[in-house]
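Tertiary structure, described
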Amino acid sequence: LIFVKLLAVFSMKCKKHATIKMLFKGVSDGWNGRLGATVDHRWRLGMNEVVSVIVPVYNCKEYLERCIESILHQTYPHIQLILVDDGSADGSSEICDCYAAQDARVQVIHQENSGVSTARNRGINVASGHFLYFVDGDDAIATNTLETALNEFDDSVDAVFWGITKNSEPTAYVQELPIEPDL
């Protein structure tokens, strides 16, 4: 039985277009290219566990710098940012390379256009963090997103899920939901 604590992120201005985001805990020896890995329940959150953030990038030049900056400026600093350029033709590829040259936490993978699922899988294959988190190239995350999610992990939690809303206003807040599993 896997117990998952849920978080919901609500916007004070716009409550349309809700989707789900999640942070996965992996095995201590790496992801080995799959999400279905057995979780090592003896693990405890340390102050320096790395979160691998995977961003599929396809022709999102207009939004990409905001996306990358929102990830690199997290209150939880121990991240590996994997930008998977999926054959962009709008200059997104060059933006990815520029960030990789400036910040050792950033890794870029270039591939021919193969779709978002293939891009995410390529990112998973090179992820070295203890956690996985996915962000789309045209999205930005709040500066405390990773820290807030990581605070929910303990020995009994394998993944943290939370809702998000489409909102260009910087007025989002996080509320923990008291949800217990049915036993």
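Below or above, wherever it landed, is the structure these notes cover.

The rules behind these values
- Residues numbered from 1 in each chain as written.
- Predicted model: local features only at pLDDT ≥ 70, side-chain atom pairs only at ≥ 80, totals over all residues.
- Heavy atoms only, no water.
- Disulfide = S-S within 2.5 Å.
- Buried < 20%, exposed > 50% of the residue type's maximum accessible area, 1.4 Å probe, protein only.
- Helix = DSSP H or I, 4+ residues; strand = E, 2+ residues; numbered from the N terminus.
- Arc of directions from axis to C-beta.
- Contact = heavy atoms within 4.5 Å.
- Salt bridge = Lys/Arg side-chain N within 4 Å of Asp/Glu carboxyl O.
- Right-handed = clockwise from strand over helix to strand, strands pointing away.
- Pairing = 2+ DSSP bridges.
- Axes fitted to C-alpha atoms, helices over the stretch in contact; angles between N-to-C directions.
- Parallel < 35°, antiparallel > 145°, perpendicular 65-115°, else oblique.
- Left-handed = near helix turned anticlockwise from the far one by under 90°.
- Nonpolar A, V, L, I, M, F, W, Y, C, P; charged D, E, K, R; others polar.
- Polar contact = N/O pair within 3.5 Å; in protein donor to acceptor, adjacent residues only side chain to side chain.

Counted under the stated rule, the structure contains zero disulfides. The thiol of Cys60 is unpaired, and the distance to the nearest cysteine sulfur, on Cys67, comes to 7.1 Å. Cys96 takes part in no disulfide bond, and the closest cysteine sulfur, belonging to Cys60, lies 7.2 Å away. A residue is classified by how much of its surface remains accessible, and Cys96, at 0% relative accessible area, is buried.

It is worth spelling out helix H3 (residues 116–126) at this point. Among all positions in H3, only Ala119, Gly123 and Ile124 are buried. For H3, the arc enclosing every buried residue in end-on projection is 140°, short of the 170-degree limit, so these residues lie on one face. In the core, the buried residues of H3 are packed alongside strand S3 (51–57), strand S4 (79–86), strand S5 (106–111) and strand S6 (131–134).

On to the pattern of salt bridges. Going through the model one piece at a time under the given rule, you end up with two salt bridges. Measuring nitrogen to oxygen at the nearest pair gives 2.9 Å for the salt bridge that ties Arg105 to Asp103. On the basis of relative accessibility, which here comes to 17%, the residue Asp103 falls in the buried class. Note that Asp136 is salt-bridged to Arg120, the shortest N-O span being 2.7 Å. Separated by 16 residues along the polypeptide, Asp136 in the loop between S6 and helix H4 (145–150) and Arg120 in helix H3 bring together distant segments of the chain. Taking relative accessible area as the criterion, Asp136 reaches 26% and is therefore assigned partly exposed. Of the residues examined, Arg120 reaches a relative accessible area of 25% and is grouped as partly exposed.

This brings us to the pairing of S4. Side chains on a regular strand alternate between the two faces of the sheet. Burial analysis of S4 places eight of its eight residues in the buried class, the great majority of the element. Chirality of the crossover, the property in question, places the unit of S3, helix H1 (residues 61–72) and S4 among those that are right-handed. Here S4 runs beside S5; their pairing, made up of six bridges, is parallel. From the neighbouring strand, Asp85 faces S5, where its bridge partner is His110. Traced from S4 through helix H2 (residues 92–102) to S5, the parallel crossover comes out right-handed.

Take the packing of H1 against H2 next. Contact geometry of H1 with H2 gives a least axis separation of 9 Å together with a crossing angle of 25°. Viewed along their axes, H1 and H2 adopt a mutual orientation that is roughly parallel. The handedness of the crossing between H1 and H2 is right-handed. For the pair formed by H1 and H2, the contact residues are Lys61, Leu64, Glu65, Ile68, Glu69 and Leu72 on the first element and Ser92, Ile95, Cys96 and Tyr99 on the second. A breakdown of the residues in the contact of H1 with H2 according to their chemical character gives six nonpolar, one polar and three charged.

With that settled, the discussion passes to the side chain of Ser88. By the element assignment, Ser88 lies in the loop between S4 and H2. Take Ser88: its relative accessible area is 15%, and that puts it in the buried class. A polar contact is formed between the side chain of Ser88 and the backbone oxygen of Val57, at a distance of 3.4 Å. For Ser88, the side chain forms a polar contact with the main-chain nitrogen of Asn59, separated by 2.9 Å. For Ser88, the residues in contact, after removing those within four places along its chain, are Val57, Tyr58, Asn59 and Ser93.

Next up on the list: the environment of Glu62. Secondary-structure assignment places Glu62 in helix H1. Placed 28 residues apart in sequence, Glu62 and Asp90 show a C-alpha to C-alpha distance of 9.2 Å.

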